[in-house]
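Observations on chain architecture
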Amino acid sequence: MSGEKQAEEAIVPSFNDTMEHEEKDEEKGDHSIFSVKSFLWHGGSVYDAWFSCSSNQVAQVLLTLPYSFSQMGMLSGIILQIFYGVLGSWTAYLISVLYLEYRSRKEKENVSFKNHVIQWFEVLDGLLGPYWKAIGLAFNCTFLLFGSVIQLIACASNIYYINDKLDKRTWTYIFGACCATTVFIPSFHNYRIWSFLGLGMTTYTAWYLTIAALVHGQVEGVTHQGPTKLVLYFTGATNILYTFGGHAVTVEIMHAMWKPQKFKYIYLLATLYVYTLTLPSAAAVYWAFGDQLLDHSNAFSLLPQSGWRDAAVILMLIHQFITFGFACTPLYFVWEKVVGVHDTKSICLRAVSRLPVVIPIWFLAIIFPFFGPINSAVGSLLVSFTVYIIPAMAHMLTYKSASARKNAVEKPPFFLPSWTAIYAVNASIVIWVFVVGFGLGGWASMTNFIKQVDTFGLFAKCYQCPPSPSSKHH
């Protein structure tokens, strides 16, 4: 398959003729019913979208949830996971509705998206105007930038538990170079095998954490005092808010689908599966180690070294590479549009043009290597707006007029058939997340973040590193 062919397949075509286009592509391919390359590379089904959402939702945050439980206690940790999971599923649903509304309006104007990937800021621009476009672009890009930074920090933090001959900062340099190769993946259309493998990796890691913690048992003199301070409580809460705020890439995932209309409840189904990974693992590790987790933001650091743990670390490293690509790909699209190469058919040209996006991510990961605390800071200051407040407000404003509600492409869902009820839910989300997530969460997470800077300094060489075995012998 040529570079041009791949580039064309990377962009999902028009809303109404997608299936016809796919059938023609298959006929034009290599004239075989089954092609290994298209099977691994060319994904756009409902199942692909589910794997993408599930895989993208639980990456390195899986390792920080026990840390959050130690900050806020077992009961609050479980309740808030369920609460923010439901909230996140609802706002992902709102984003999907707004995407369909935007695409439907544009296609009535005969606008073609054959060589163009629709993004969230463009949806806001089309429905609400340039000011909303600027707000969406600023929050989304900043969030995705730091989301990518977090993946690099997590890679360095994890590999250190297998090989501590190099410090975490050096590992960050190495993994930055590795993750830069994601510039060659054209779009979310091409993440089929990666999403599938990524979810398998997090599933293994989650159940490893659960079983290893239960087999290890409670450490001697274990205590479970959380919550003890408001700062810690709201820091933990915003990390959970961040956990279920992985849908900054919802529009790009939808656009990669052959039938984006079917996206509606995919995020909720993905969240239900994610619960089976996050709740048992966080609860088991917190039960086993208790308040020790307050000083160990990475759950791997407390579990004894074994082949099972090493396998989990390696799988998480691969998954973090995948998640880096997920977070970076929308940034690549934005940059391509800025420099004018987004509609080119040359994958190599697009890849080269994307490289400048990776450099600031690499640099920020070296400046702020605070695994755990940075999740909460990003959650409170960026996720709260990007994936909770802005979608809820955008939905209310898009359908504020009676004519807009009457002509809506997607009517209210069966479980909430009244527009008034939808407005009430959306307004409640805006108020709750602004006060609790952004306000209290922002205060707590930034207080904790500044404390880490004061304790370890910027450009910390080895954040929260235990003494190496070699230093113990001397």
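I will try to describe carefully the structure that is included in this document. Not measured: the values here are computed from a predicted model.

1. Observations concerning unusual backbone geometry
Although it is not a glycine, Asn110 adopts a positive phi angle of roughly 65°. Of note, Asn110 is situated in the loop between helix 6 (74–108) and helix 7 (120–128). Under the relative-accessibility criterion, Asn110 is labelled exposed at 72%.

2. Let's talk about the packing of aromatic side chains
The relation between two aromatic rings is expressed through the spacing of the ring centres and the mutual angle of the planes. For the coordinates displayed, the defined rule picks out 23 aromatic pairs. A centroid spacing of 5.4 Å and a plane angle of 70° characterise the contact between Phe83 and Trp432, whose relative ring orientation is edge-to-face. Taken together, the residues Phe83 in helix 6 and Trp432 in helix 18 (residues 419–456) connect sequence positions 349 residues apart. Judged by relative accessible area, Phe83 falls into the partly exposed class, the value being 31%.

3. Observations regarding the packing of helix 5 (residues 61–72) against helix 13 (residues 266–289)
Between helix 5 and helix 13, the least distance of the axes is 8 Å, while the angle of their chain directions is 55°. Between helix 5 and helix 13, the angle is such that the two are oblique. Here helix 5 runs over helix 13; the crossing is right-handed. The residues of helix 13 that touch helix 5, namely those facing Leu62, Leu65, Pro66, Phe69 and Ser70, are Leu277, Thr278, Ser281, Ala282, Ala283, Val285 and Tyr286.

4. Remarks on the pattern of salt bridges
Within the structure shown, the criterion is met by seven salt bridges. Note that Arg103 and Glu107 form a salt bridge whose closest N and O atoms lie 3.3 Å from each other. Remark: Glu107 and Arg103 occur in helix 6; sequence separation between them is four residues, near one turn of the helix. Of the two residues examined, Arg103 and Glu107, each falls in the buried class.

5. Observations regarding the packing of helix 14 (residues 307–339) against helix 15 (residues 347–367)
The description of two packed helices rests on the angle between their axes and on the distance between the axes. Here helix 14 crosses helix 15 at 120°, and the two axes come no closer than 9 Å. Judged by the angle between their axes, helix 14 and helix 15 are oblique. Two packed elements cross with a definite hand, and for helix 14 against helix 15 that hand is right-handed. Side by side, helix 14 and helix 15 meet where Phe324, Cys328, Leu331, Tyr332, Phe333, Trp335, Glu336 and Val339 of the first sit next to Arg350, Ser353, Arg354, Pro356, Val357, Val358 and Ile361 of the second. For the contact of helix 14 with helix 15, a count of residues per class yields eleven nonpolar, one polar and three charged.

6. Considering the environment of Phe300
In this structure, Phe300 sits in the loop between helix 13 and helix 14. The exposure class of Phe300 is buried, given its relative accessible area of 0%. Along the backbone, Phe300 and Asn158 are 142 residues apart, and their C-alpha atoms lie at a distance of 7.4 Å. For Phe300, the residues in contact, after removing those within four places along its chain, are Leu63, Asn158, Tyr161, Thr205, Tyr208, Leu209, Arg309, Ala312, Val313 and Met316.

7. Quick look at the environment of His224
With respect to the helices and strands, the residue His224 is situated in the loop between helix 10 (192–216) and helix 11 (230–243). The sequence separation of His224 and Met74 amounts to 150 residues, and the corresponding C-alpha distance is 8.5 Å. Setting aside anything within four residues of it in sequence, one finds His224 in contact with Gln218, Tyr286, Trp287, Gly290 and Asp291. At 2.9 Å, the side chain of His224 and the backbone oxygen of Tyr286 are in polar contact. Of the polar contacts made by the side chain of His224, one reaches the backbone oxygen of Trp287; its length is 3.2 Å.

8. A short note on a nonpolar patch on the surface
Together, Leu230, Ile431, Phe434, Val435, Leu440 and Trp443 make up an exposed nonpolar region whose accessible area comes to about 590 Å². At five residues, helix 18 tops the list of elements feeding residues into the nonpolar patch. With respect to the helices and strands, the residue Phe434 is situated in helix 18. We classify Phe434 as partly exposed; its relative accessible area is 42%.

Calculation criteria
- Residues numbered from 1 in each chain as written.
- Predicted model: local features only at pLDDT ≥ 70, side-chain atom pairs only at ≥ 80, totals over all residues.
- Heavy atoms only, no water.
- Helix = DSSP H or I, 4+ residues; strand = E, 2+ residues; numbered from the N terminus.
- Buried < 20%, exposed > 50% of the residue type's maximum accessible area, 1.4 Å probe, protein only.
- Phe/Tyr/Trp six-rings, centres within 6.5 Å; stacked < 30°, edge-to-face > 60°.
- Axes fitted to C-alpha atoms, helices over the stretch in contact; angles between N-to-C directions.
- Parallel < 35°, antiparallel > 145°, perpendicular 65-115°, else oblique.
- Left-handed = near helix turned anticlockwise from the far one by under 90°.
- Contact = heavy atoms within 4.5 Å.
- Salt bridge = Lys/Arg side-chain N within 4 Å of Asp/Glu carboxyl O.
- Nonpolar A, V, L, I, M, F, W, Y, C, P; charged D, E, K, R; others polar.
- Polar contact = N/O pair within 3.5 Å; in protein donor to acceptor, adjacent residues only side chain to side chain.
- Patch = residues over 30% accessible without salt bridge, like charges linked within 9 Å, V, L, I, M, F, W, Y side chains within 5 Å.
- Areas by Shrake-Rupley, 256 points an atom, 1.4 Å probe, with all protein chains shown as cover.

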